[in-house]
Amino acid sequence: MSSVDLTSKIPNNVGLSDDKRLLRALEAWQPNYIGWWKEMGPEGYQEKDVWLRTAISVDADGWAHFDYVKMPDYRWGIFLAEPVAGRTIGYGDARGEAAWQVIPGEHRNTLRRLIVTQGDTEPASVEQQRLLGNTAPSLYDLRNLFQVNVEEGRHLWAMVYLLHSHFGRDGREEAEELLQRRSGNVDKPRILGAFNAPVDNWLDFFMFTMFTDRDGKYQLLALAESGFDPLARTTRFMLTEEAHHMFVGETGVERIVQRSCELMKQDPNEDARAQGGIPLDMVQRYLNLWFALSLDLFGGEISSNAASYFAAGLKGRANEDKFAEHSALDQAYRMMVPKDGKVAEEDVPLRNAMNEVLRDGYVEDCQRGVDRWNKRISEAGMPYRLRLPSKRFYRHIGLYAEMPFDMDGQLLAKPDWDRRRGEWLPTAEDRAYVATLQKPVYTPGQIANWIAKPARGIKGLPFEYEYVRLD
Ligand SMILES: [Fe+2]
Ligand SMILES: [Fe+2]
């Protein structure tokens, strides 16, 4: 067991106190991080007591401590999952090699890029969500927002620790730049598209945590297979926290759907909107948008980078040990490839299709959530069903980028697609309507009209608990 030091300025289980140079470097970065948090973190709530979970160890039971804390005083720590004795790389050309504690020189630049790209998403999402505290549907939801935000902050710490500890001066410079880019900024945008899209209402937020945080889960699962052992260990622990973010999204949409059904039943025309709810077809349009944006995050369907990451043992498949075969050589992945105005099946060498393999796992995981939402709708006796659009719909990266595929993956003529866009994606009118619902409900036990109460509160506490103290 690595021992946990909770008393130092930076709580950690990586023995920081034994490495004075590293400790000094991270302690020098810390005030810049806090400066970033105060500037770009949740607006208007920095001085409030929030009932938050803080990671204090990596024990399966009891890794977290819950209490009121003011967010700038949150104890952002560095925690790596326990090492696996004798761990070897499980796939690719490096299969069977001992996992690396020190980065092989030839992989240094690639690993730095992978870590920076992952790291960049963490503060980006905090920036995207920084105004949502002004409009939460309940104190429970407000608290969950802040929980997600502080943990994304910790995930940034996790990546910055790797940059500082293994990449020397380059790593320190990258760590600074992680605090300088800004979501949605034209001059200094965040690295990935979905992390520059605005998240200015709670429907977007729940879709983001459902679909975009779930992309995070799959990237982390792939990095948890990395031959670079400190990266594998840090991502393994991040996954523990990530589960709650997806819970927030999945149950958030579920509660919206549930409430919409209740309101439909109360209305003579089964019109949720007439009763102040969010119509299910509008939910579908937001779903389509965030699903498509999140699919892009996996990268191109055919990727020589993905092939070389796999070959070199840098990034595996999610849960690599569940696969029967680990070289992925002399095998093909059959995918739909656009050609001459049509799509046709084509076999792609499996290693080049690794992004697609990861994306498939993700789609399956998303489908499970959608099934759960549909169960609520069907229990309410309503015929409407939500669904995931085709993987080809509204893509901006990869084989299908900028091509007019409809929700079913049929290739349309561009003018037809343009004309029907409003059936599939949130319209200006949808956005204007959703904006009218963004009003804070901050009396303990109360909830906005457009969303149902959660089945239970946090950590055994009731929904009525004062999760954020506003005075
Ligand atoms: Fe994260
Ligand atoms: Fe997350």
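The structure this text deals with has already been given above.
The structure presented is a predicted model; accordingly, all values stated were derived computationally and were not measured.

How each quantity is defined
Residues numbered from 1 in each chain as written. Chains lettered and ligands numbered in written order. Predicted model: local features only at pLDDT ≥ 70, side-chain atom pairs only at ≥ 80, totals over all residues. Heavy atoms only, no water. Patch = residues over 30% accessible without salt bridge, like charges linked within 9 Å, V, L, I, M, F, W, Y side chains within 5 Å. Areas by Shrake-Rupley, 256 points an atom, 1.4 Å probe, with all protein chains shown as cover. Salt bridge = Lys/Arg side-chain N within 4 Å of Asp/Glu carboxyl O. Lys, Arg positive; Asp, Glu negative; His and termini not counted. Charge placed at Lys NZ, Arg CZ, Asp CG, Glu CD. Helix = DSSP H or I, 4+ residues; strand = E, 2+ residues; numbered from the N terminus. Donors = N, O, S within 2.8 Å, 3.2 Å for Na, K, Ca; no water. Tetrahedral: all angles 85-135°; square planar, octahedral: opposite > 155°, others 65-115°. Buried < 20%, exposed > 50% of the residue type's maximum accessible area, 1.4 Å probe, protein only. Pairing = 2+ DSSP bridges. Phe/Tyr/Trp six-rings, centres within 6.5 Å; stacked < 30°, edge-to-face > 60°.

Peer 1: Got a sec to walk through a positive patch on the surface? Specific residues and values, please.
Peer 2: A surface patch of positive charge is lined by Lys20, Arg21, Arg24, Arg169 and Arg172. For the positive patch, the elements supplying multiple residues, two or more each, are helix 1 (20-40) and helix 4 (168-178). It is helix 1 that provides the largest number of residues to the positive patch, a total of three residues.

Peer 1: Requested: an account of the coordination of the iron ion (ligand 1), with residues and values cited.
Peer 2: Within the first shell, the iron ion (ligand 1) binds the protein through Glu122 (OE), Glu152 (OE) and His155 (ND1), at distances of 2.0 to 2.2 Å. Motif for the iron ion (ligand 1), donor spacing along one chain: E-x29-E-x2-H. The metal-metal distance between the iron ion (ligand 1) and the iron ion (ligand 2) is 3.5 Å, with Glu152 serving as a donor to both. Of this pair, Glu152 and His155 are both found in helix 3 (residues 139-166), three residues apart, which corresponds to roughly one turn of the helix.

Peer 1: Go over the coordination of the iron ion (ligand 2), please, and point to the residues and values.
Peer 2: Four donors placed tetrahedrally about a metal ideally form angles of 109.5 degrees, and six donors placed octahedrally ideally form angles of 90 or 180 degrees. Within the protein, the atoms that donate to the iron ion (ligand 2) are Glu152 (OE), Asp213 (OD), Glu242 (OE) and His245 (ND1), at distances of 1.9 to 2.2 Å. For the iron ion (ligand 2), the four donor atoms in the first shell make angles of 86 to 168° at the metal, a pattern classed as irregular. Expressed as a motif, the donor residue spacing for the iron ion (ligand 2) is E-x60-D-x28-E-x2-H. What makes Glu152 buried here is its relative accessible area of 3%.

Peer 1: Go over the sheet that holds strand 5 (residues 468-469) with me, naming the residues and quoting the values.
Peer 2: The three strands lie next to each other as 2-1-5, forming an open sheet whose pairing is antiparallel. In this open sheet, the two edge strands, each paired with only one partner strand, are strand 2 (64-70) and strand 5. In the sheet, strand 1 (residues 49-55) pairs with strand 2 via seven bridges, with the strands oriented antiparallel. For Asp49, the partnering residue across the bridge sits in strand 2 and is Lys70.

Peer 1: Requested: an account of the pairing of strand 3 (residues 332-339), with residues and values cited.
Peer 2: Relative to strand 4 (residues 342-349), strand 3 is paired through eight bridges, and the arrangement is antiparallel. From the neighbouring strand, Tyr333 faces strand 4, where its bridge partner is Val348. Connecting strand 3 to the next strand, strand 4, in antiparallel fashion are two residues, including Asp340 with a positive phi near 50°.

Peer 1: I'd like to hear about the packing of aromatic side chains, residue by residue, with values.
Peer 2: Taken as a whole, this structure holds 35 aromatic pairs when the rule is applied. Between the aromatic rings of Trp51 and Phe66, the centroid separation amounts to 5.2 Å while the plane-to-plane angle is 35°, which identifies the pairing as tilted. On the criterion of sequence distance, the pair formed by Trp51 in strand 1 and Phe66 in strand 2 is long-range, its members being 15 residues apart. Overall, Trp51 belongs to the buried group, its relative accessible area being 8%.

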